[in-house]
Amino acid sequence: TVKKPLQRFQLMNEICYNKVLDCAGKHQVLIFVHSRKETAKTALYLKQTALDNDHLAKFMRDDSASREILQTEAEAAKTSELRDLLPFGFAIHHAGMSRVDRTLVEDLFADGHIQVLVSTATLAWGVNLPAHSVIIKGTQVYNPVKGAWDELSPQDMMQMMGRAGRPQFDTFGEGIIITGHTELQFYLSLFNVQLPIESQFIGTIPDNLNAEIVLGTVQNLKDAAAWLGYTYLYVRMLRSPQLYGVPLGAVEGDPLLQQHRLDLAHSAALLLDKNNLIRYDRRTGNFQVTDLGRIASHYYITYTTLAAFNNHLKPTMGDIELLRLFSLADEFKFMIVREEEKLELAKLIDRVPVPVKESLDEPTAKINVLLQAYISNLKLEGLALSSDMVYVTQSAGRLMRCLFEICLKRGWAALTDKALNLCKEVNHRMWSSQSPLRQFKGLPTELLTRLEKKDLAWERYYDLKPSELGDLIRMPKYGKALHKFVHQFPRLELAAHVQPLTRSLLRIDLSITPDFAWDDKVHGSVEPFWLLVEDADGEVLLYHQYWLLRKALSEEEHSLSFTVPVGEPLPPQYFVRMVSDRWIGCESILPVSFRQLILPEKYPPPTELLDLQPLPVSALRNKAFEALYKDIGVFNPIQTQVIEIGRQSAISSCTCMACCSVGM
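Residues numbered from 1 in each chain as written. Predicted model: local features only at pLDDT ≥ 70, side-chain atom pairs only at ≥ 80, totals over all residues. Heavy atoms only, no water.

Draft legend 1. Here's a closer look at the overall build of the protein. Within the protein, the secondary structure is distributed over 26 helices and 16 strands. Viewed in the frame of its principal axes, the protein has a C-alpha envelope of about 125 × 85 × 60 Å. Taken over 664 residues, the protein has a buried fraction of 43%. Taking contacts inside the protein between residues at least 6 apart in sequence as the whole, the part at least 24 apart equals 65%. Counting every atom, the protein has about 36200 Å² of accessible surface; 54% of that belongs to carbon and sulfur. Within the protein, one finds 71 positive and 78 negative side-chain charges whose respective centroids are separated by 1 Å. (Helix = DSSP H or I, 4+ residues; strand = E, 2+ residues; numbered from the N terminus. Buried < 20%, exposed > 50% of the residue type's maximum accessible area, 1.4 Å probe, protein only. Contact = heavy atoms within 4.5 Å. Areas by Shrake-Rupley, 256 points an atom, 1.4 Å probe, with all protein chains shown as cover. Lys, Arg positive; Asp, Glu negative; His and termini not counted. Charge placed at Lys NZ, Arg CZ, Asp CG, Glu CD.)

Here you go:
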């Protein structure tokens, strides 16, 4: 019933210690907490309290061999907290520890040397390590999706409680839950009444239906209704129809709920059609996928988020507007600004590079600031704020890619470039204004800072020798390393040949020559690039293509051919760009000039009519064809010329084939 967080935390520690003390010397105890830091805090508290009360001997086995093993293994442990705890029979376990330390703890606990193990819930799901007694210390965890503290799910609770009792050793196990009085009834009913697990699928039917349509497994309304028949939602609808909105008496007339499934599919299809994710023909019931639908399915974007992006995107947007649009995503609809966070957020706003126009009271400002703080590698103080940052950044990569793909499909050159830059900045946690060499590991921060202070264009670095690079930053010993990294940075040389096909269509033959040293550790097996062709103003994207450079062909010249439209009057030039999909600052630009380009004539002259003797119908030399023209005796001049040209073409073809046969 205690409400204040500190008092509640202290009380839980005291209760936990008393319960552990009851089992000391009798059984092993497994304590579950809900954060990595909490494992060490709880274990150290238990050890220190036992030491203060002179109860430490109860947590250690009597035999000297066990104590010797614990002492020896403690010295080999890499985690500092583990070294302090192991000699006294205590240990911790969480996913942040090294694999060696986790295996060590698991083995020592399984052999009975460790008496008290404090762990996160990952142990319950991933490792079969039971104990006689299990204590769940607290049942509230921070849920960043809801932006608030939430109760543990029934599945997590059952999984952790399932660790209590050792098969072949115990006839029963003991489970202890330390929770608030208000949640007591819920957990009692969970273990005693066995509440049925209800489906939550109905709220996500539109997004899942879109994925099936993109995949091609659902093509019309009947397919969608059949697909719903394979879901757990359908199973629960049959068991509890009224709970899922099935009309009274519908089950008697339609035992398979076919009509209700059709209604659900129809409603979902209408939502998708309204937001341009599919084309839904209400008359035939057929579905047709759209580019937006493919993007939403590929990046797991909800239809509400995609609708917001689609409605607010404008070709003239800058970085400020793009980041604000990102924060409007439906994934963050439960994000709130707490009173205690405002001071820290106000400090962060002054430190992030892109201005935030919204007030601090608005959740969009918080989301914007947290994303920029993540890219800028800024440290946060509050636990809830750090959890919110993790949640924002987990979705940042796919949401930014979604924005990039929408701009690409719409042909907005400038905004496509900005969105792709933001994608790479989120991925590398650095800004495009910083040195591209920050993308390599192994260079000291001081060296990179000095490079960024130098007013030297990135292209100039390729011309400098190792000694000159070392002198540039006044750190000669790093000259060779800098030279190596500069020449490992992806770089492409471009050349193009333009050929007009018609007055409105050009063919471009592009030659691509890689000019960098390939390293498997740096580049992997492939390097992805985007080929982008822009108009003279750099506003309209005329052509785009995803291109992969493979290691086996990294030293060869590559050729690409593609066509682009051209308008009237003829523009002075187009820009061909090769932009890396991964590397910030990796871009090659080739202006393709049209000043010397000669286009076909606008109105080509008609074919000249030759002075030929009109041919009789018998010239066709085919009775069936001659029967078609039985009403005329001779062909007119145009028909005569066409037949004559066709006959000459046939003779030429036969002559060529005969020559080929003789040559063979």
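Draft legend 2. Local environment of the sheet that holds strand 11 (residues 505-514). The strand order across the open sheet formed by three strands is 10-11-14, and the pairing between neighbours is antiparallel. Two strands close off the open sheet at either side, each with one partner strand: strand 10 (492-502) and strand 14 (558-565). Each neighbouring strand pair of the sheet contributes to a mean axis angle of 20°, computed without reference to strand direction. Alignment of strand 10 against strand 11, held across 10 bridges, turns out to be antiparallel. Considered in strand 11, the bridge of His-497 is made with Asp-509. (Pairing = 2+ DSSP bridges. Axes fitted to C-alpha atoms, helices over the stretch in contact; angles between N-to-C directions.)

Draft legend 3. Representation of helix 3 (residues 64-76). End to end, helix 3 covers 19 Å across 13 residues, agreeing with the expected 18 Å (1.5 Å per residue, within 8%). Residues of helix 3 that are buried include every one of Ser-66, Leu-70 and Ala-74, and no others. Down the axis of helix 3, the smallest arc covering the buried residues is 70°, so these residues share one side. Of the exposed residues in helix 3, the ones pointing more than 90 degrees away from its buried face are Ser-64, Glu-68, Glu-75 and Ala-76. Residues of helix 3 that are buried make contact with helix 4 (80-85) and helix 5 (99-110). (Expected span 1.5 Å × (residues − 1). Arc of directions from axis to C-beta.)

Draft legend 4. Representation of the packing of aromatic side chains. On inspection of all chains with the given rule, the structure shows 17 aromatic pairs. Here Trp-458 and Tyr-462 contribute two aromatic rings whose centre-to-centre distance is 5.9 Å and whose plane-to-plane angle is 75°, an arrangement assigned as edge-to-face. Summarising the aromatic geometry, the rings of Tyr-629 and Phe-635 are spaced 5.3 Å apart at their centres and angled 75° between planes, so their arrangement reads as edge-to-face. Here Tyr-629 falls in the partly exposed class, since its relative accessible area comes to 35%. What links up through ring pairs into an aromatic cluster is the set Phe-440, Trp-458, Tyr-461, Tyr-462, Phe-485, Phe-489 and Trp-583. (Phe/Tyr/Trp six-rings, centres within 6.5 Å; stacked < 30°, edge-to-face > 60°.)

Draft legend 5. Summary view of the confidence of the model for the protein. Overall, the prediction assigns the protein a mean pLDDT of 86, with 94% of residues at 70 or greater. Of all the helices and strands in the protein, helix 26 (residues 637-663) carries the lowest mean pLDDT, 58, while helix 9 (residues 205-215) carries the highest, 96. Taken together, the stretch residues 651-664 has pLDDT below 50 and engages in zero contacts with residues farther than four places along the chain or on a different chain. (pLDDT = per-residue confidence, 0-100.)

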